[in-house]
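# Geometric and topological summary
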Amino acid sequence: MNMTSPDAKGTLYVVATPIGNLRDITLRALDILKSVDVVAAEDTRTTSGLLKHYGISVRLVSLHQHNEREKSEAVLAYLGDGKQVALVSDAGTPAISDPGSHLVASARNAGFDVLPIPGPSAAITALSASGMSENGFLFCGFLPAKSAARKKALESLKILPQALVFFEAPHRIMDLAGDLSDILGAERTVVFARELTKLYETIHACRLGEAGQWLSSQQRGEFVVIVEGAHSVKQEGISEEAKRVLEILLPDLPLAQAVKLAARISGENRNSLYELALEWRGPP
Ligand code: SAM
């Protein structure tokens, strides 16, 4: 236990823990978990397993989706007594589609220091291996469980150029894939990142229209789903070959020359390529 002076202020540490492979914990996270007075955990049994693995013995209190508001008060009382508290969830980064946001806001509003201890998060882990992060991304978390509400949410995401990152429960992954294809279009590329950092880790890319078939050949598991962003209207109708040629030439040639050559090589309309090149280059 920490020795704290009577007027010392408690700090809330928001500690990321592994999303599968227990070795994906940082040295700093271990230091913090060893040194705090209390760990507020989403599920104390899950966190006990992690702490036991690392030979850490510390007081655990539960703080989950259904008791976060009342338990936040208890955590604030610990902080007020000058105690150091770590917040952890079952896996990954607390408060990211996990409990913790209310506690963090309350602790901050009450004037306590809140320090993040970074580490794994399923969304970023999946994104890093998706090859789809170039145009930025939008983290959508879990969509509504009911199809009508899910489709409505997807309608509002349909025209965004950023990659869309979703979490989904194992038993709803097939339904999500169906709605993604219906609303965003069967041609878009999707990446399924399944069981990341675990034994049956699988990262699979296909068209949304092919997703149902692929998923039906898979065992269940935890999934992050990443869908490529909407193509701009300017790109529609331009052949992949022409885009590829333009993409190669643009960095090395003046824009007009790159467009002229790309049009000549690919047979694509020069004006369309010019518009696209201007869009790719962005504002001067
Ligand atoms: N806060 C966590 C984080 O930062 O990773 C996410 C918690 S959220 C309740 C759980 C969801 O994250 C799962 O339904 C799944 O979509 C995704 N997830 C968590 N671990 C995963 C893993 N090892 N592989 C793939 N997806 C995972």
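Look up a bit, the structure's there.
Residues numbered from 1 in each chain as written. Predicted model: local features only at pLDDT ≥ 70, side-chain atom pairs only at ≥ 80, totals over all residues. Heavy atoms only, no water.

Okay, the packing of helix α7 (residues 173–184) against helix α8 (residues 208–216) next. Contact geometry of α7 with α8 gives a least axis separation of 8 Å together with a crossing angle of 165°. Taken together, the axes of α7 and α8 lie roughly antiparallel to each other. Remark: the crossing between α7 and α8 carries left-handed chirality. Residues I173, M174, A177, L180, S181 and L184 of α7 form the contact with α8, whose participating residues are L208, G209, A211, G212, L215 and S216. Considered class by class, the residues forming the contact of α7 with α8 number eight nonpolar, four polar and no charged. (Axes fitted to C-alpha atoms, helices over the stretch in contact; angles between N-to-C directions. Helix = DSSP H or I, 4+ residues; strand = E, 2+ residues; numbered from the N terminus. Parallel < 35°, antiparallel > 145°, perpendicular 65-115°, else oblique. Left-handed = near helix turned anticlockwise from the far one by under 90°. Contact = heavy atoms within 4.5 Å. Nonpolar A, V, L, I, M, F, W, Y, C, P; charged D, E, K, R; others polar.)

Here five strands make up an open sheet; going across it, the order is β3-β2-β4-β1-β5 and the pairing parallel. Of all the strands in the sheet, the pair left with one neighbour each is β3 (59–62) and β5 (113–117). Averaged over all adjacent pairs, the angle separating strand axes in this sheet is 25°, with direction ignored. In this sheet, β5 lies alongside strand β1 (residues 11–15) in parallel orientation, the contact comprising five bridges. Across the sheet, residue L12 finds its bridge partner in β5, namely V114. Packed on one face of the sheet, helix α2 (residues 44–53) meets β2 (38–41), β3 and β4 (85–88) and runs near 155° to β3. (Pairing = 2+ DSSP bridges.)

A contiguous nonpolar patch, built from I96, I124, F137 and F139 and spanning about 320 Å² of accessible area, is present on the exposed surface. Within the secondary structure layout, F137 lies in strand β6 (residues 137–142). (Patch = residues over 30% accessible without salt bridge, like charges linked within 9 Å, V, L, I, M, F, W, Y side chains within 5 Å. Areas by Shrake-Rupley, 256 points an atom, 1.4 Å probe, with all protein chains shown as cover. Salt bridge = Lys/Arg side-chain N within 4 Å of Asp/Glu carboxyl O.)

Let's shift gears to the pattern of salt bridges. Where charged atoms of side chains with opposite charge meet at close range, the side chains can pair. On inspection of all chains with the given rule, the structure shows 10 salt bridges. The partner of D43 in a salt bridge is R45, with the nearest N and O atoms 3.2 Å apart. Between K198 and E195 there is a salt bridge; the shortest N-O distance is 3.6 Å. What you see here is one network of salt bridges that share partners, running through R150, K151, D179 and D182.

Let us now look at the packing of aromatic side chains. The full count for this structure, using the stated rule, is four aromatic pairs. Between the aromatic rings of F139 and F167, the centroid separation amounts to 5.2 Å while the plane-to-plane angle is 75°, which identifies the pairing as edge-to-face. Here F139, found in strand β6, pairs with F167, found in strand β7 (residues 163–168); they are 28 residues apart in sequence, far enough to count as distant. Judged by its relative accessible area of 11%, F167 falls in the buried class. Residues F142 and F167 carry aromatic rings whose centres are separated by 5.6 Å and whose planes lie at 65° to one another, so their mutual orientation is edge-to-face. Here F142 is found in strand β6, whereas its partner F167 is found in strand β7, with 25 residues between them in sequence. Three or more aromatic residues link up through ring pairs in this structure, and these residues are F139, F142 and F167. (Phe/Tyr/Trp six-rings, centres within 6.5 Å; stacked < 30°, edge-to-face > 60°. Buried < 20%, exposed > 50% of the residue type's maximum accessible area, 1.4 Å probe, protein only.)

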